[in-house]
Amino acid sequence: MKDFSFYKGKKVFVTGHTGFKGTWLSEVLSLAGAEVMGYSTYTEKPISLYQLSAVKRNIREVKGDVRDYISMLNAMQSFQPDIVLHLAAQPLVRESFARPVDTFEINVMGTVNILECVRHCDSVQSCLNVTTDKVYLNREWVWGYREDEKLDGYDPYSNSKSCSELVTSSYKKSFFSDNHVGISTARAGNVIGGGDFAKDRIIPDCIRAAQAGRTILVRNPNSTRPYQHVLEPIFAYLLIAQRQYEDRAYADSYNVGPDECDCITTGELAELFCTCWGEGQAWKAERMDGPHEANFLKLDCSKIKSTFQWSPGWHVGEAVGRTVEWTKAWQAGEDVDGVMEMQIKQYMNA
């Protein structure tokens, strides 16, 4: 996507708009001239990108839970959106072991409810359910998973997202078989970028350690993941939603990940961070007991590349550098919205 023209004036309903990825998405849509309604259970946190950004002044928002069907239906019907982007989730693997019931309720019944709302809102032309690269049965093999591989996530988070994929498939066949609404799912790899303050994520952990002047502790330095800047999947989501709006034949499931060269180990990512951060920052491996996590995970993104001529804009080194750029600007008290807007425009020209 080199321009925003399609989204100008479009009404877009976004669940989970207050999250890390949701805030970046809302910023992009606002710059595009879209009319956005965000739906989220947003609660005050010690710090979040949504709190730091000014995007909330440019969108309408409703405080609500995706588990509350009536509340979400009322919000959607009052807004009459053209496009629905479903990002709301309990997104953390380790948290899902502590809160499995909440994780399944939010990630599975949240999907049921959003699709029920779409089913009863005639204005919707395009709906995208955002899941994860972790939906696949992970066999720890060295090649990337394709969209037709078996879905069977191991942990409660991953499995709940596998279920979300199955729910979406069932609804498409049962209620949208006439293609009056384009419905797709997008399975994105691990994202990094400015403003992610989540716990148990490698780059936010690196930033907290660097800010405190500590050595970074990496618990799984040899695990391989498909790391990408947050703008990569966001622009892919918008591309999929646009194209299926224009032609329902594009409604499908799509992997969204980096090129082969950017599937690196956690240790390599930590090393990249230390180089970008400077100031003598260092990391070390430390064994930490915890729940099961996959050691090797990679996506085959041939489908989205061939279907839409999509390709990643930034390599992982650039993604880390942009994250550090945003973080140091925030530390210095600079305008984080200005940095976000600058990075969005630079990404579009990449």
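Before reading further, recall that the structure is shown in the block above.
Described in the following lines is the structure provided in the data block. (Residues numbered from 1 in each chain as written. Predicted model: local features only at pLDDT ≥ 70, side-chain atom pairs only at ≥ 80, totals over all residues. Heavy atoms only, no water.)

**Observations regarding the overall build of the protein chain**
Stage number 1. Looking only at helices and strands, the protein chain has 12 helices and 13 strands in total.
Stage number 2. Relative to the 2.2 N^0.38 estimate, which gives 20 Å for 350 residues, the radius of gyration of the protein chain is 19 Å and therefore close to what a compact globule would have.
Stage number 3. Referenced to the eigenvectors of the C-alpha coordinate spread, the extents of the protein chain come out at roughly 55 × 45 × 40 Å.
Stage number 4. A separation of at least 24 residues holds for 82% of the contacts in the protein chain among residues at least 6 apart in sequence. (Helix = DSSP H or I, 4+ residues; strand = E, 2+ residues; numbered from the N terminus. Rg over C-alpha atoms; globule rule 2.2 N^0.38 Å. Contact = heavy atoms within 4.5 Å.)

**Here's the deal with the pairing of strand 6 (residues 182-188)**
Stage number 1. Among the seven residues that make up strand 6, seven are buried, leaving the element largely enclosed by the rest of the structure.
Stage number 2. Side-chain alternation along strand 6 places Gly182, Ser184, Ala186 and Ala188 on one buried face and Ile183, Thr185 and Arg187 on a second face that is also buried.
Stage number 3. Two strands pair when backbone bridges link them, and strand 5 (residues 126-130) and strand 6 are joined in this way by five bridges, in the parallel orientation. Looking across to strand 6, one finds that Cys127 is bridged to Ile183.
Stage number 4. With respect to chirality, the unit in which strand 5 leads through helix 6 (residues 156-175) into the neighbouring parallel strand 6 is right-handed.
Stage number 5. As defined by bridge partners, strand 6 adjoins strand 11 (residues 253-256) across four bridges and the pair is classed as parallel. Bridged to Arg187 within strand 11 is Asn255. (Buried < 20%, exposed > 50% of the residue type's maximum accessible area, 1.4 Å probe, protein only. Pairing = 2+ DSSP bridges. Right-handed = clockwise from strand over helix to strand, strands pointing away.)

**Overview of the sheet that holds strand 5**
Stage number 1. Here we have seven strands laid out as an open sheet, ordered 3-2-1-4-5-6-11, and parallel in their pairing. Two strands bound the open sheet, and with one partner strand each, they are strand 3 (60-63) and strand 11. When strand polarity is set aside, the average angle formed by the axes of neighbouring strands in this sheet is 20°.
Stage number 2. Sheet topology places strand 1 (residues 11-15) next to strand 2 (residues 35-40); five bridges connect them, and they run parallel. Of the residues in strand 2, the one forming a bridge with Lys11 is Glu35.
Stage number 3. Sitting on the sheet, helix 1 (residues 20-32) is in contact with strand 1, strand 2, strand 4 (83-86), strand 5 and strand 6, with an inclination near 170° to strand 1.
Stage number 4. Along the sheet face, helix 3 (residues 69-79) touches strand 1, strand 2, strand 3 and strand 4 and points at about 175° away from the line of strand 2. (Axes fitted to C-alpha atoms, helices over the stretch in contact; angles between N-to-C directions.)

**Section: the nonpolar core**
Stage number 1. Tyr7, Trp24, Leu29, Leu85 and Ile304 are the most contacted members of the largest nonpolar core, which has 56 residues in total.
Stage number 2. The element that contributes the greatest number of residues to this core is helix 8 (residues 231-246), accounting for nine residues.
Stage number 3. Once residues lying within four places of it in the same chain are set aside, the contact partners of Ile304 are Ala236, Ile240, Tyr254, Asn255, Val256, Gln309 and Trp310.
Stage number 4. Listed in part, the 26 residues of the second largest apolar core include Phe13, Met37, Val108 and Ile114. (Core = buried A, V, L, I, M, F, W, Y, C linked by side-chain atoms within 4.5 Å.)

**A short note on the packing of aromatic side chains**
Stage number 1. Applying the stated criterion across every chain, the model contains 16 aromatic pairs.
Stage number 2. Ring centres of Phe235 and Tyr347 lie 5.1 Å apart, and the angle between their planes is 35°; this geometry places the pair in the tilted category. Residue Phe235 is located in helix 8, and its partner Tyr347 is located in helix 12 (residues 336-348); the two are separated by 112 residues in the primary sequence.
Stage number 3. Of the residues examined, Tyr347 reaches a relative accessible area of 8% and is grouped as buried.
Stage number 4. Between Tyr250 and Phe308, the aromatic rings sit 5.3 Å apart at their centres with planes inclined by 45°, giving tilted as the arrangement. Residue Tyr250 is located in the loop between helix 8 and strand 11, and its partner Phe308 is located in helix 10 (residues 302-308); the two are separated by 58 residues in the primary sequence.
Stage number 5. Residue classification places Tyr250 among the partly exposed residues on the basis of a relative accessible area of 22%.
Stage number 6. For Phe308, a relative accessible area of 5% corresponds to the buried category.
Stage number 7. Ring-pair connections join several aromatic residues into one group, and the members of that group are Phe4, Phe235, Trp314 and Tyr347. (Phe/Tyr/Trp six-rings, centres within 6.5 Å; stacked < 30°, edge-to-face > 60°.)

**Re the packing of helix 3 against helix 5 (residues 100-119)**
Stage number 1. At a minimum axis separation of 9 Å, helix 3 and helix 5 run at an interaxial angle of 35°. In the packing of helix 3 onto helix 5, the handedness of the crossing is right-handed. Residue-level contacts link Tyr69, Met72, Leu73 and Met76 of helix 3 to Gly110, Asn113, Ile114, Glu116, Cys117 and Val118 of helix 5.
Stage number 2. In the contact of helix 3 with helix 5, the residues fall into seven nonpolar, two polar and one charged. (Left-handed = near helix turned anticlockwise from the far one by under 90°. Nonpolar A, V, L, I, M, F, W, Y, C, P; charged D, E, K, R; others polar.)

**A look at the side chain of Ser123**
Stage number 1. Residue position: Ser123 is located in the loop between helix 5 and strand 5.
Stage number 2. Judged by relative accessible area, which is 16%, Ser123 ranks as buried.
Stage number 3. In this structure Ser123 touches Gln80, Pro81 and Asp82, once residues within four positions along its chain are discounted.

**Considerations on the pattern of salt bridges**
Stage number 1. Applying the stated criterion across every chain yields a total of 23 salt bridges.
Stage number 2. Its salt-bridge partner being Glu246, residue Arg243 comes within 3.8 Å of it at the nearest N-O pair. Highlighted residues: Arg243 and Glu246, both in helix 8, separated by three residues, approximately one helical turn.
Stage number 3. Classification of Glu246 as partly exposed rests on a relative accessible area of 47%.
Stage number 4. Salt bridges sharing common partners tie together Asp65, Arg67, Glu95, Arg99, Asp102, Glu105 and Lys199. (Salt bridge = Lys/Arg side-chain N within 4 Å of Asp/Glu carboxyl O.)

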